[in-house]
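# Fold and contact review
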Amino acid sequence: MTTWTDDTADRPISLTAPCGIDRAAHHRLDEAWLAAAWSHPSTRCFVVSGGQVLIDETADGRTEVVMTPSFEAPLTEAHRYFLGIDEDGVAYFALQKDALPGRIDQSARPAGLREAGLLLSPRDTALMVHAVGLENWQRTHRFCSRCGERTVIAAAGHIRRCQACGAEHYPRTDPAVIMAVTDAEDRILLGRQVHWPEGRFSTLAGFVEPGESIEHAVRREVAEEVGVTVGGVEYVASQPWPFPSSLMLGFMARATTTEIDVDGDEISEARWFSRQELHDAFETGTVLPPFGISIAARLIEMWYGKPLPTRSFV
């Protein structure tokens, strides 16, 4: 019988740690409050572009999102998004631009969430996840899905309104299930997507379909992708995953069959691993683990019993 209590159990899942940021949604429609917050000397803002922000190392070795007071910010009116307030009353905004600003000192560098999420504080990570999610949605939803006319930004970046038909559109979040499947021998089932490099394996995952429970989605996706039947399904945790707009719902699942029949469309290869087999594959480099920021890594760790080897972003 598998026990999910181990020396990795207390490790937080990336992008989900308590951050001390109140999103303060009740202020998003208050234009007077937003204007006052933007002009306050304590307010901080940063630029997001193409899913990236500038990060920099501090003198004491921490990594932070590069932020500036609002009066030093690049000019943008329409694409200024209110992200929330911290425990000290500091308001935070993200500015969507076509490119990240240059840095005179040349010490800062652009980074996406897959890298920055492992380096930043919970506060900065939460702000970045929020900003990247809004930017992704804003860039791809400029026109009304009801009448086709161009929409305008409202609610400090959290609504797009159609001035032609009056429709309001809200940021899209797509629920997706991700599951560590084990069998009666306590082996784990890992697969390789068709577009992944040779040797990269991870847990199976897929989107929840309309009218479907998340438990059914787990069973359906495993059956479709690798031909394995799943019985018991146990929810573990969720993780925001704005690549571009998913919410990952993590599960442990128990297989009732073990014969593998990959679909060839999404999954090109799938294998059952014992802990020793997976350890040996990591040691020889024949299997590459998922990046540590992903909930997939934590699901595998819960079964594996210790942290997975780290992967470089270089």
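For the structure itself, consult the block above.
In this text the structure is predicted, and so the values were computed from the model without any measurement.

### Things to note about the sheet that holds strand E3 (residues 63–65)
- In spatial order, the strands read E3-E2-E7; together these 3 strands make up an open sheet with antiparallel pairing. Edge positions in the open sheet fall to E3 and strand E7 (109–112), since each of these has one partner strand only. For this sheet, the mean inter-axis angle between neighbouring strands, taken without regard to orientation, is 50°.
- The sheet contact formed by strand E2 (residues 52–57) and E3 spans 3 bridges and is antiparallel. If you follow Ile55 over to E3, its bridge partner there is Val65.

### Topic: the pattern of salt bridges
- Applying the stated criterion across every chain, the model contains 19 salt bridges.
- The partner of Arg192 in a salt bridge is Glu198, and the shortest N-O contact between them spans 3.6 Å.
- Given the relative accessible area of 10%, Arg192 is considered buried.
- We classify Glu198 as exposed; its relative accessible area is 64%.
- Salt bridges sharing partners connect three or more residues here, namely Glu209, Glu212, Arg220, Glu221 and Glu224.

### Quick notes on the sheet that holds strand E1 (residues 44–48)
- Within the open sheet, the 4 strands sit side by side as E4-E1-E6-E5. Their pairing is mixed. Of all the strands in the sheet, just strand E4 (68–69) and strand E5 (80–85) have a single pairing partner and so form its edges.
- Pairing geometry for E5 and strand E6 (residues 91–96), over 5 bridges, is antiparallel. Considered in E6, the bridge of Phe82 is made with Phe93.
- On the sheet, helix H1 (residues 31–39) packs against E1, E5 and E6 and is oriented at approximately 90° with respect to E6.
- Most of the contacts of helix H3 (residues 122–140) go to E5, to which it runs at about 150°, and overall it touches E1, E5 and E6.

### Some points on the environment of Val230
- As for its position among the elements, Val230 is in strand E14 (residues 230–241).
- With a relative accessible area of 7%, Val230 lands in the buried category.
- For the pair formed by Val230 and Thr125, sequence separation is 105 residues and the distance between their alpha carbons is 34 Å.
- With residues up to four places along the chain from it excluded, the contact list for Val230 reads Val181, Arg219, Val222, Ala253, Arg254, Ala255 and Thr256.

### Quick word on helix H5 (residues 275–284)
- Within the span of H5, buried status applies to Leu278, Ala281 and Phe282. For H5, the buried positions fall inside an angular range of 100° around the axis, keeping them on one side. In H5, the exposed positions angled more than 90 degrees off the buried face are occupied by Glu283 and Thr284.
- Packed against the buried residues of H5 are strand E12 (188–193), strand E16 (267–273) and helix H6 (295–304).
- Looking one or two residues beyond H5, the residue adopting positive phi is Gly285, at roughly 80°.

### Considering the pairing of E12
- Counting buried positions along E12 gives 5 out of 6 residues, so the element sits mostly inside the fold.
- Pairing geometry for strand E11 (residues 174–182) and E12, over 2 bridges, is antiparallel. The partner of Thr182 across the bridge, within E12, is Ile188.
- The loop that links E11 with its antiparallel partner E12 comprises 5 residues; one of these, Asp186, has a positive phi angle of about 65°.
- Here E12 pairs with E16 via 6 bridges, running antiparallel.

### Examining unusual backbone geometry
- Put simply, Phe243 and Pro244 share a cis peptide bond, and its omega is 10°.
- Along the chain, the position of Pro244 falls in the loop between E14 and strand E15 (246–255).
- Of note in the backbone geometry, Ala24 takes a positive phi value of approximately 45° without being a glycine.
- Note on Ala24: relative accessible area 2%, which makes it buried.
- Unusually for a residue other than glycine, Asp186 sits at a positive phi of about 65°.
- Tracing the chain through its elements places Asp186 in the loop between E11 and E12.

Reading the values: rules and limits
Residues numbered from 1 in each chain as written. Predicted model: local features only at pLDDT ≥ 70, side-chain atom pairs only at ≥ 80, totals over all residues. Heavy atoms only, no water. Pairing = 2+ DSSP bridges. Helix = DSSP H or I, 4+ residues; strand = E, 2+ residues; numbered from the N terminus. Axes fitted to C-alpha atoms, helices over the stretch in contact; angles between N-to-C directions. Salt bridge = Lys/Arg side-chain N within 4 Å of Asp/Glu carboxyl O. Buried < 20%, exposed > 50% of the residue type's maximum accessible area, 1.4 Å probe, protein only. Contact = heavy atoms within 4.5 Å. Arc of directions from axis to C-beta.

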